[in-house]
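Report on the structure
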Amino acid sequence: MGDRGIDVTSLQSELEELWLRRDEVSLQSAEAVAAVDAAIGLLDSGRARVAEPVGGEFVVHEWLKNAILLLYKQASPQPSQFGPFHCADKIPLKSTIDGVQVSPGAVIRRGSFQEPGVVVMPSHIGIGSYVGEGTLVDSWVGIGSCAQIGRNVHLSGGVGLGGMIEPPMAKPVVIEDDAFIGARSMVYSGARVGEGALLGAGALLTDTIPVIDAATGEELSRGEVPPWTVAVPGSRPREFAGGTFGLPCLLVIKHLKKGERHDKAKLNDAVRTQPPAALSL
C-alpha cells in the first residue's frame, strides 16, 4: 500500500499509537485529525484497503479499520444537502468519481472505493468498502462498511451486505469475482461468496449458516458458498423442547465448471458503459 506524498509506514505507526491512547489524548488535535484524514484518503483513492486478498484469504489491516472508528469519534454531524433533502451526517459523501456510472439517488460515502466500470443505481455504499471493476450495484442495495466486492459481480435489487464496523467483526463480508447475488439476499457477519457463485433470491448467509450439498446432504461449510456453485435458500429440521422447527441453511443445487455462467447470472454489457471522464457527485 502506498500513496503519493504519504509515508504509509509512519502513518500506520502514528494511528496505531493514537488508537492505543484514544482515551488519553485529544482526538481533536490538528495532528490526530490530519492522520485520520490521510488514512481515509488512502481508502477513498483505492491505494489502500481495509481488507485485501493474500493467498486466497482476506487479510484485515486493523489500523485502517481503527482509523474509521477514530473518524467516528472525531467527527460531529455536519449539515449537507442531498437532492432536495437536508441532512446531517458524520461522514461526507464522495465529491468526485472517475469512470463510474452513478444514477441519481446513489449514496457513496467518502473512504469507499469503486474501480472504473462500476455501475451504481440508487443504493448506499459504506465507508471502507471496495467494489471491483464491472460490478453492478442495483437499486436499494446496501453495502456495509469495509465489505469487499470483486470484479464483474451482480448485486441484485435490495441486496444487503453487512459491515465490519458496527457491530465489530473480525472479518469483512467478501463477494468474489463474477459472483451473482440474487434479489433481497442478505450476506452478513463476515460471510463469503466464492468466485462465480450464484446466490438465489432471498438467501440468508452469515458465518453460522450451514451450506449443504443438496445431492449428498454433506455440510460443505459454515458461512461460505463454494466457487462456481448455485446455492438457494433452504431449511432443515431441528428438535427443540417446544417442537420441531426449520432452521435456515443454503442448499448447493448445482456445481458449475470454472468460467461457466448460469443463465440467470449472464450480465448485460449494455448497462456497463463507462462515462468518458471524471464526474462530480
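Structural data are supplied above this passage.
Let us look at the structure shown here. (Residues numbered from 1 in each chain as written. Predicted model: local features only at pLDDT ≥ 70, side-chain atom pairs only at ≥ 80, totals over all residues. Heavy atoms only, no water.)

Thoughts on the side chain of Ser129
Which entries qualify depends on this criterion: Secondary structure is summarised from DSSP: a helix means a run of H or I of at least four residues, a strand means a run of E of at least two, and numbering begins at the N terminus for each. Within 3.5 Å is the distance limit for a polar contact, defined as a pair of N or O atoms, with the added protein rule that one can donate a hydrogen and the other accept it, and that residues adjacent in sequence qualify only through two side-chain atoms. Working rule for contacts: check all heavy atoms of both residues, and any pair within 4.5 Å makes them a contact.
In this structure, Ser129 sits in the loop between β10 (124–125) and β11 (130–131). Here Gly126 takes part through its backbone oxygen, which lies 2.7 Å from a polar atom of the side chain of Ser129. The residues contacting Ser129, other than those within four sequence positions of it, are Gly111, Ser112, Phe113, Ile143, Gly144, Cys146, Ala147 and Gln148.

Let's talk about the pattern of salt bridges
A side chain of one charge can pair with a side chain of the opposite charge when the charged atoms of the two come close. What counts, and what does not: Between Lys or Arg on one side and Asp or Glu on the other, a salt bridge is scored when a side-chain nitrogen of the former is within 4 Å of a carboxyl oxygen of the latter. For the exposure calls, accessible area comes from a 1.4 Å probe over protein chains only, and a residue counts as buried if that area is under 20% of its type's maximum, exposed if over 50%, partly exposed in between.
Here the structure, examined in full by the defined rule, presents 13 salt bridges. When the shortest N-O distance is used, the salt bridge between Asp44 and Lys94 registers 2.9 Å. Here the residue Asp44 occupies a position in helix α2 (residues 30–45), and Lys94 occupies one in the loop between β4 (85–89) and β5 (96–98), the gap between them amounting to 50 residues. With a closest N to O distance of 2.9 Å, Glu115 and Arg151 form a salt bridge. Taken as a pair, Glu115 in the loop between β8 (113–114) and β9 (119–120) and Arg151 in the loop between β14 (148–149) and β15 (154–155) lie far apart in primary sequence, 36 residues in all. Its relative accessible area of 39% is what places Arg151 among the partly exposed residues. Within this structure, Glu17, Arg21 and Glu24 form a network of salt bridges that share partners.

Details of empty space enclosed by the protein
To keep things clear, this is the line we draw: A 1.4 Å probe that fits into a set of points on a 1 Å grid over the protein atoms alone but cannot get out defines a cavity; an open set with protein on both sides within 12 Å along at least five of seven lines defines a pocket, and lining residues are those with an atom within 4 Å of a point. Grid points are joined across faces, edges and corners, and a volume is the space filled by probe spheres set on the points. For this classification, Asp, Glu, Lys and Arg are treated as charged, while Ala, Val, Leu, Ile, Met, Phe, Trp, Tyr, Cys and Pro are nonpolar and the rest, including Gly, are polar.
Applying the stated rule across the entire model yields one cavity of 30 Å³ or more. As a volume, the largest cavity reaches approximately 30 Å³. A per-class count over the lining of the largest cavity returns five nonpolar, four polar and one charged.

A few points about the environment of Lys94
The buried category is assigned to Lys94, whose relative accessible area is 7%. For the pair formed by Lys94 and Phe180, sequence separation is 86 residues and the distance between their alpha carbons is 26 Å.

As for the sheet that holds β11
To keep it simple, the criterion reads: Two strands are counted as paired when DSSP detects at least two bridges linking them.
The strand order β8-β11-β14-β17-β20-β25 describes an open sheet built from six strands, whose pairing is parallel. The sheet is open, and its two edges are formed by β8 and β25 (224–225), each paired on a single side. Alignment of strand β20 (residues 192–193) against β25, held across two bridges, turns out to be parallel. In the strand pairing of β25, Val193 is matched with Val225.

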